[in-house]
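In case you want the letters, here they are:
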Amino acid sequence: MTTDTPRTLAEELRTRSDSGLVGLLRARPDLLSPVPGDVTQLATRAGTRASVVRAVERLDRFALQTAEALAVAPDPCPYDTLGALMGGDAGDEAVAGALPRAVAELRGQALVWGPDDRLRLVRTARELLAPGAARPSPTGLGPTVAEAAAGMSPGRLQEILAAAGLPTTHDPVSAVAALTALFRDRERMAALLDTAPAESVAVLDKLLWGPPYGAVTDRPAPHLQWLLDRGLLLPAGARNVVLPREAALHLRGGRAHRSPEPVPPALAPTTERDPQLVDNAAASQAFTALATVEELLKEWDLGGPPVLRAGGMSVRDLKRTATALDTTERLAAFWLELAYAAGLIASDGEADERYAATPAAEEWRQLPDHERWAELAAGWLAATRTSGVVGTADAKGRALAALGPHLDRSPAPEVRRRALTLLATLPPGTSVPAATVLSRLRWERPLRGAGPTAGGAGGPTAAGTGGPTAGGAAGPTTSGTAGPTAGGGAEAESAGAYDLRSRLAQWALEEAELLGVTGRGALATHGRMLIGAEGAKAGAGPEARTGPATGTWTEAGAEAAPLAAGAAAGGGVASGAEIGAAATRAAALLAPLLPEPLDHVLLQADLTAVAPGPLQRPLAEALDVLADIESKGGATVYRFTPASVRRALDAGRSAAELQDFLSSHSRTPVPQPLAYLIDDVARKHGRLRIGAAAAYVRCDDDALLSEILADRRAAGLRLRRLAPTVLAAQTAPEQLLDGLRAMGYAPAAESAAGDVLIARADSYRTPPRTAPAPVPDGPPSPDGTLLEAAVRAIRAGDLAATAERKPVHAPAPAPGTLPRTTSAETLATMQAAVLTNSALWIGYVNADGAASQRVIAPVRVEGGFVTAYDHTADEVRTYPLHRITGVAELADDVV
């Protein structure tokens, strides 16, 4: 039975409501793998290092600072003491207002427990964040006087007391207590420092905000000796010294952190634009994205570049793709990875492996524009593959290739969603600089991706590595490669620790603009809809996560904090179905903004056609065969050439059909030069017929064949006349076709039956392929059904483990051990329970030899089996009697 004041984390968790446990499991889904058997197992798992590290990494800046303060505070720590550490002696209204929320968040994630007068940081978190010689605290504080003086001789302690003006004591414990009391007494400590030399105060200032360690020589300078004599510097090794925590707190005015950050950086300065202009700009870019991906698929219609042996595309092929798409290599890598994430391109898996479009690409090309955009946006939002790292080196120094392995960065979806969600908190049409978004994300996840290792995200480095000398040749050397940082502790942000997350956020903003999710830096209306399902998962930021108004923890605070913390942590990652549904809704808003496909072009006398906008697919496909694209942009310019017209004739079109096609799809009359070009190419087309002998040329006009034989350019074809109207060639039909066309003729291929072969556009496709699965960033987010079932199982298991038992014919077993009764006693007790409809506590060993305790209500006993309702599993089960080790009745008020 629990008491009013919980003695352990498990006891406090038992007092939480089911919704409070649901909030904890949602915030820390790793606790569900597998489902804990009872509350004790849940508390034990919540205190493991891996789980605590993951939870600490997902704290925001101020919650992390609060945990760091608790790590250097007395254990247990009253709420008022914590408030003094966070706000300092002078107090801070902003800190005082935000502290309840931070404490509630730590409570909700089971990192802190206990009443307000006895706050306890879980042991593992304290070990991660507390200072040590090899692991300085992120606060920049060192060990306490008691910790630093643990190895000092009693005589040396008495000398320090005498130099500090304190009466000597009879033992080291009281001496340490007296020195600690002096450093904590503001008036006496101020009086002592008033007598310090100016050089000594300068040394303390250098160590004040951390790192607190320094080095001394065998013969310290006088101002250093003054500090050593009074315990303001205590030994920390052979030649190292440390500034005690209590002395540093006095010098800091009681503050654990130099710059507490209770409020996230504001999203400012803002730029306001007309939301309609933003939507139009985003829609224009979305259409450009569709055209770019479609152009990529068209380039790979007959097969793409080969796959490297190690996977991915070569640098040369990436450059060729960038040239074909008229973009940079970096953007080409983005478009490639976007198409890959949407399942539109893949490797074919053949012996000579190469990339190509997938069968899904053909289906995608037939969809309306807004639906095509929805598929691209959904793939991008959930993708963990990151094109931004293409070209950088991996751990072995090898360059990462586009479409290759090792491009997954599991935090990418969370960062992407969070960056867009921050933009969604702004009014429609409003944008902020990218640096502002990055600063906000840095506040929200100061440790994400780095972990609270030595020094934390930006904490002090190991001591004793050199740096500026504080006291001349004999002075202490402050630790760190460049001395103490301006911010000290966690405030000195480590570029390396946060580099990946910052780059992911920067890339996310750039890619959102390229994809048309944002326009001119502001989130478009359809972009807001796209993250609608994600918005609930990503959270609304610390502003929406306010805890209790006072320092008193309540059940509401316990429930709200973990829910918000887990959501904001990105632990609730939306499923593919949710993202797809959100993308579909967003596409419905985008559809009216996309340009309507046109059914006409404007023919011009210079053998060009201008498409003033996007063309309907049948018209665009026909023009791609009949003409060559000369330029793209707001309007596409097509140019008609003899080769392009011949290509259309080879595809089975006649001159009359081409004339009719152009007349029906042009708002201007067909220019005479174009009509002449079509007629002239058609008149020559097919007069020469080429088939396979090895190859032959036949023509009704023997004079034309004589002309070809006499042409020096035909020497390489090795032609020979077999008959007045037939030439034979010692080359393949395809080479013969190309050679004669290069000479200006318009031959046509024919079959063995003498029919003209129609050359239709061919395409190469991979076998059916699925889009690459994102690499999860930790365990999946549990749904409501799983959370409710898990809480029921934990409660039932806890009931079985903690219920009061009554003995049958033997003393009750000790808690945590299986009951032991004879087979006859077990059978008799089971039969009696069936008649009285009462519950029993049993020990059970399954077929694998695993033992467990269960609370059951027997329903039927027959044939060596007992059928009962299992309160632990919340279902009816059948147990073999020979596997039941024993049975005991429960106290009357348990079930």
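Everything numeric here is computed off the predicted structure, so don't read it as measured data. (Residues numbered from 1 in each chain as written. Predicted model: local features only at pLDDT ≥ 70, side-chain atom pairs only at ≥ 80, totals over all residues. Heavy atoms only, no water.)

As judged from the six bridges shared by strand S24 (residues 865-870) and strand S25 (residues 875-880), these two strands associate in the antiparallel manner. Pairing of Thr867 across the sheet is with Thr878, part of S25. The hairpin turn running from S24 into S25, its antiparallel successor, is four residues long, and Asp874 in that turn takes a positive phi close to 60 degrees. (Pairing = 2+ DSSP bridges. Helix = DSSP H or I, 4+ residues; strand = E, 2+ residues; numbered from the N terminus.)

Counted by the stated rule, this structure contains 38 salt bridges. For Asp301, the salt bridge goes to Arg365, with nearest N and O atoms at 3.3 Å. Of this pair, Asp301 sits in the loop between helix H16 (275-299) and helix H17 (315-325) while Arg365 sits in helix H19 (residues 359-366), and the two are 64 residues apart along the sequence. Each of the two residues, Asp301 as well as Arg365, counts as buried. Connected through salt bridges with shared partners, the residues Arg58, Glu414, Arg445 and Arg501 form a single ionic network. (Salt bridge = Lys/Arg side-chain N within 4 Å of Asp/Glu carboxyl O. Buried < 20%, exposed > 50% of the residue type's maximum accessible area, 1.4 Å probe, protein only.)

On to the nonpolar core, then. By size, the foremost hydrophobic cluster in this structure holds 94 residues, and its most contacted members are Leu25, Leu82 and Leu232. By residue number, the principal contributor to this core is helix H5 (residues 61-72), which donates eight residues. For Leu82, the residues in contact, after removing those within four places along its chain, are Thr66, Ala69, Leu70, Cys77, Leu99, Val103 and Leu119. One finds Leu267, Met313, Phe334 and Leu590 within the second-largest nonpolar core, a separate group that totals 69 residues. (Core = buried A, V, L, I, M, F, W, Y, C linked by side-chain atoms within 4.5 Å. Contact = heavy atoms within 4.5 Å.)

Scanning all chains against the criterion turns up three aromatic pairs. Seen in terms of ring centroids, Trp300 and Tyr355 are 6.2 Å apart; in terms of plane orientation they differ by 25 degrees. Their pairing is stacked. Of this pair, Trp300 sits in the loop between H16 and H17 while Tyr355 sits in strand S8 (residues 355-357), and the two are 55 residues apart along the sequence. Aromatic side chains Phe334 and Trp335 sit 4.9 Å apart centroid to centroid with 55 degrees between the ring planes, which places their arrangement in the tilted category. Judged by its relative accessible area of 5%, Phe334 is buried. Its end group placed over the ring of Tyr764, Arg354 keeps NZ or CZ at 4.3 Å from the ring centre. (Phe/Tyr/Trp six-rings, centres within 6.5 Å; stacked < 30°, edge-to-face > 60°. Lys NZ or Arg CZ within 6 Å of the ring centre and 35° of its normal.)

This part takes up the packing of helix H10 (residues 154-163) against helix H11 (residues 172-184). A pair of packed helices is characterised by two quantities: the angle between their axes and the separation of those axes. Their axes nearest at 10 Å, the elements H10 and H11 cross at an angle of 30 degrees. Of the possible angle classes, the one that applies to H10 and H11 is roughly parallel. In this structure, the crossing between H10 and H11 has a hand that is left-handed. Residue-level inspection shows Pro154, Leu157, Gln158, Ile160 and Leu161 of H10 in contact with H11, the latter providing Pro172, Ala175, Val176, Ala178 and Leu179. (Axes fitted to C-alpha atoms, helices over the stretch in contact; angles between N-to-C directions. Parallel < 35°, antiparallel > 145°, perpendicular 65-115°, else oblique. Left-handed = near helix turned anticlockwise from the far one by under 90°.)

Moving on to the confidence of the model for the chain. Averaged over the chain, the pLDDT score is 81; the fraction of residues at 70 or greater is 84%. Taken element by element, the predicted model of the chain shows its lowest mean pLDDT in helix H26 (residues 555-568) (34) and its highest in helix H18 (residues 329-341) (95). Segment residues 808-812: pLDDT under 50, and seven contacts once partners within four positions in sequence are set aside and those in other chains are kept. (pLDDT = per-residue confidence, 0-100.)

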